[in-house]
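Understanding the architecture of this molecule
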Amino acid sequence: RFIETIWLIVDNNPSPIAAVFHFTTASGRADMETRIRVEQYTFVRAVARTNDGKLYMAANYVKASGGCSAPAGKDAVAARASLGKMRIRVDDTNASGTPVLAQLMISHPNDSGLAMDQVTRTYAQPHFVRQVDVSYKGKPVMRADVDFSISENPNFRFYLVAGDGGELEAKVVDNQDLAFATTVRLDPLRSSAASLAQ
């Protein structure tokens, strides 16, 4: 029995379902960390479904505003220059079969299309990551269906069982059908690696 799906819901955002995370037994632990945009004071909910169909929910009230319509943190030219660059980092582990923490960092503006350019008074076209697939030795570990409620330069921290070594691969597709991928080889027993790719 394990958690197979987690919905991340921001009630008062223009697009309330910020992400749907899918886990497998290869995840070892259904634990996800990411950064989100919050447009106005709202409840943020996590709804989990186990593989036997049971649902559980946790909710917190968050006092923040303006995230979805805020301008990008870096200029558009710099964002395009690094578009799609990714880095994977995996913590050390000495025990085979023990879940280890991994982090996927994606360089992407994740434009919501709701932020007005103060010079031109126009809105940028929405451009955001919509799907993330992580596999280990060819088997799915985690899949995320996301939208612009995830912050600029999406960052995902998750777990995987990687004690016996192998290739960890991340594939990303955005809403303009641009695809990016990176891989990193994890050594057996002591899995520690980082990759930077485009």
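Refer to the structure presented above.
Summary of the structure given here. In this text, all values refer to a predicted model and were calculated from it rather than measured experimentally.

Quick word on the nonpolar core
In terms of nonpolar packing, the biggest core is built from 37 residues, with Val132, Met142 and Leu160 touching the most fellow members. Among residues more than four places away in sequence, those in contact with Val132 are Leu104, Ile106, Met142, Arg143, Ala144, Phe156, Lys171 and Val172.

Remarks on the sheet that holds strand β1 (residues 3-10)
The 8 strands are arranged β4-β3-β1-β2-β8-β7-β10-β11 in an open sheet whose pairing can be described as antiparallel. Since the sheet does not close on itself, it has two edges, and those belong to β4 (55-62) and β11 (179-186), each with one partner. For this sheet the average axis-to-axis angle between neighbouring strands, irrespective of direction, equals 10 degrees. Pairing of strand β3 (residues 42-50) with β4 involves 8 bridges; the strand directions are antiparallel. Counted as the bridge partner of Arg45 is Ala59 from β4.

Here we look at the packing of aromatic side chains
According to the stated counting rule, one finds 3 aromatic pairs in the structure shown. With 6.2 Å between their ring centres and 70 degrees between their planes, Phe21 and Phe156 make a pair best called edge-to-face. With Phe21 in strand β2 (residues 17-23) and Phe156 in strand β9 (residues 155-161), this residue pair connects regions lying 135 residues apart in the sequence. On the accessibility criterion, Phe156 (0% relative accessible area) is buried. Ring centres of Phe128 and Phe148 lie 5.8 Å apart, and the angle between their planes is 80 degrees; on these two criteria the pair is classed as edge-to-face. On the criterion of sequence distance, the pair formed by Phe128 in the loop between β6 (99-106) and β7 (129-136) and Phe148 in the loop between β8 (139-146) and β9 is long-range, its members being 20 residues apart. For the pair Phe128 and Phe148, a shared accessibility class is recorded, and that class is buried.

What counts, and where the lines are drawn
Residues numbered from 1 in each chain as written. Predicted model: local features only at pLDDT ≥ 70, side-chain atom pairs only at ≥ 80, totals over all residues. Heavy atoms only, no water. Core = buried A, V, L, I, M, F, W, Y, C linked by side-chain atoms within 4.5 Å. Buried < 20%, exposed > 50% of the residue type's maximum accessible area, 1.4 Å probe, protein only. Contact = heavy atoms within 4.5 Å. Pairing = 2+ DSSP bridges. Helix = DSSP H or I, 4+ residues; strand = E, 2+ residues; numbered from the N terminus. Axes fitted to C-alpha atoms, helices over the stretch in contact; angles between N-to-C directions. Phe/Tyr/Trp six-rings, centres within 6.5 Å; stacked < 30°, edge-to-face > 60°.

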